[in-house]
Amino acid sequence: MLTGDTPTGRLHLGHYVGSIENRLKVQEGYECYFLLANMHAFTTRAEQYEQIREDTIEIVKDWLACGIDPERSAVVLQTEVPAIAELTWFFAMLVPFNRVMRNPTLKTEIESKGLGDQYPFGFPMYAVGQCADILAFRPAYIPVGVDQVPHIEMCREVARRFDQVFCGVDPKTEDADYAGAGGVFPIPEALIGKVGRLVGTDGEQKMSKSLNNAIYLSDTAKQVKKKIGAMYPGQSRDPDQPGDPEINPVFEYAEIFIKDEGFVNELKERYRKGDNLGDGHVKVHVIEAVNELLEPIRERRARYEGAAGDKEVIEIIREGTKRANVIAEETLAMAKEAMGLRFFDREDVLG
Ligand code: ATP
Ligand code: MG
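Residues numbered from 1 in each chain as written. Chains lettered and ligands numbered in written order. Predicted model: local features only at pLDDT ≥ 70, side-chain atom pairs only at ≥ 80, totals over all residues. Heavy atoms only, no water.

1. Comments concerning helix α3 (residues 49-66)
Taking 1.5 Å of rise per residue, 18 residues should cover 26 Å, and α3 covers 26 Å from first to last C-alpha, within 8% of that figure. Once α3 finishes, Gly 67 follows within two positions and takes phi at roughly 115°, a positive value. (Helix = DSSP H or I, 4+ residues; strand = E, 2+ residues; numbered from the N terminus. Expected span 1.5 Å × (residues − 1).)

2. Considerations on the domain arrangement of the protein
Domain boundaries assigned for the protein yield domain 1 (2-197 + 307-350) and domain 2 (221-302). A straight line from the C-alpha centre of domain 1 to that of domain 2 covers 35 Å. Listed as interface residues are 14 residues of domain 1 and, on the opposing side, nine residues of domain 2. Contact with domain 2 buries area across many residues of domain 1, yet Leu 13, Tyr 16 and Ala 65 alone supply 53% of it, more than any other trio. Applying the counting rule to domain 1 against domain 2 returns two salt bridges. Where domain 1 meets domain 2, there are three residue pairs in polar contact (both at pLDDT 80 or more). (Domains from an automatic or database assignment. Contact = heavy atoms within 4.5 Å. Buried area = accessible area lost by both parts, 1.4 Å probe. Salt bridge = Lys/Arg side-chain N within 4 Å of Asp/Glu carboxyl O. Polar contact = N/O pair within 3.5 Å; in protein donor to acceptor, adjacent residues only side chain to side chain.)

3. A look at the nonpolar core
The biggest cluster of nonpolar side chains holds 54 residues, and the ones touching the most others in it are Leu 13, Leu 198, Leu 217, Tyr 253 and Phe 257. Counting only domains with at least three residues in this core, you end up with domain 1 (2-197 + 307-350) and domain 2 (221-302). (Core = buried A, V, L, I, M, F, W, Y, C linked by side-chain atoms within 4.5 Å. Buried < 20%, exposed > 50% of the residue type's maximum accessible area, 1.4 Å probe, protein only.)

4. Some thoughts on the side chain of Glu 109
Mapped onto the elements of the fold, Glu 109 is located in helix α6 (residues 104-112). Ignoring any residue separated from it by four or fewer positions in sequence, one finds Glu 109 in contact with Gly 114, Leu 115, Phe 123, Tyr 126 and His 151.

5. A few points about the packing of aromatic side chains
Where two aromatic rings form a pair, the distance of their centres and the angle of their planes describe that pair. Under the criterion given, the structure shown has 11 aromatic pairs. Centre to centre, the rings of Phe 91 and Phe 162 are 6.3 Å apart; their planes meet at 90°, and the pair counts as edge-to-face. Note that Phe 91 is positioned in helix α4 (residues 82-92) and Phe 162 in helix α8 (residues 149-167), a separation of 71 residues in sequence. Classification of Phe 91 as buried rests on a relative accessible area of 0%. Relative to Phe 166, the ring of Phe 162 has its centre 4.9 Å away and its plane inclined at 55°; by these criteria the two rings are tilted. A residue pair is termed a helical-turn pair when its members lie 3 or 4 positions apart in one helix, as Phe 162 and Phe 166 do in helix α8 at four residues. The class for Phe 162 is buried, based on a relative accessible area of 0%. Lying across the ring of Tyr 271, Arg 237 places its NZ or CZ 3.9 Å from the centre. (Phe/Tyr/Trp six-rings, centres within 6.5 Å; stacked < 30°, edge-to-face > 60°. Lys NZ or Arg CZ within 6 Å of the ring centre and 35° of its normal.)

6. Description of the sheet that holds strand β1 (residues 2-5)
As summarised here, the arrangement of the three strands in space is β1-β2-β3, forming an open sheet in which the pairing is parallel. Only two strands of the sheet have a single neighbouring strand rather than two, namely β1 and β3 (73-77). Averaged over neighbouring strand pairs, the angle between their axes works out to 25° when direction is ignored. (Pairing = 2+ DSSP bridges. Axes fitted to C-alpha atoms, helices over the stretch in contact; angles between N-to-C directions.)

Below, the structure written as structure tokens:
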């Protein structure tokens, strides 16, 4: 299994319900690689390298706090796995330029991040790079949120195309049989979380590190209270006036984070009727539920505070990246062999 996060900020509740819960499940039975996509962070904030470094370390702390176990799973730093960059070049040859630019997630990102028409060439290139991030590990599963589905679809197309062009796999082959039919790359599957797209505290856009609408896994109880407390409930009403829970994003959080479903339904009913239920009351319950989820994560995270924690994290990254390079180098060699590009052993020239 392969998945990852871009160090453009710390992890938030969207990551948790969109991907991390699945990662924890898959970690039980699969060989897992967690990628820190620091190269991709440079596509939108190239001059903020110090911030990228800091966020990279903080994301690992978030992972560890959630229960990602570095003994089992490799924590991988993208820029220290050169095979990924090389595979990106090969894959860029297998996907039409217009196909990349039609990717709806790229379009949304260009708009929501205000990139205008001055974004670097490397920005759309990250979508091709992501095919390499994934395929370097030849995974079966990729736990992601729905915004990643177009990327994963492109990755699957690239894998099929590579196997067809360079390994002679019949295009009629079922996805599940590509590796068995002689392909270098299995066709990986996206695993979408229980909530594929968690809305941000703005109630509109997806919760995102870059959009200032996130509740972070490392937020204090007070910060959570403040952020949820300030959410616009989608309508203005008095507690004794009927309201519509369906257009109130606080209810979306209630459904996801309050464990007692019957209680949530009761709240919704009272809200609909205008049965003396203020927006503040609903928020109190949501704040409590979110803090209940975050408290053990905060406790585990506290273990990695400060310089000693940073050092421990860097050691974890070093170990995981070493493991990752073994498999990524193997994949690169297999790809080159299939492409007729392997003139000699890499160690002979680089070693
Ligand atoms: P950025 O704003 O920099 O793009 P992000 O918040 O979108 O950051 P990513 O690192 O791009 O975070 O995404 C990491 C993973 O988390 C992906 O699998 C993505 O689908 C998932 N994810 C991100 N935001 C959400 C969300 N709001 N709901 C569900 N899943 C999400
Ligand atoms: Mg994103």
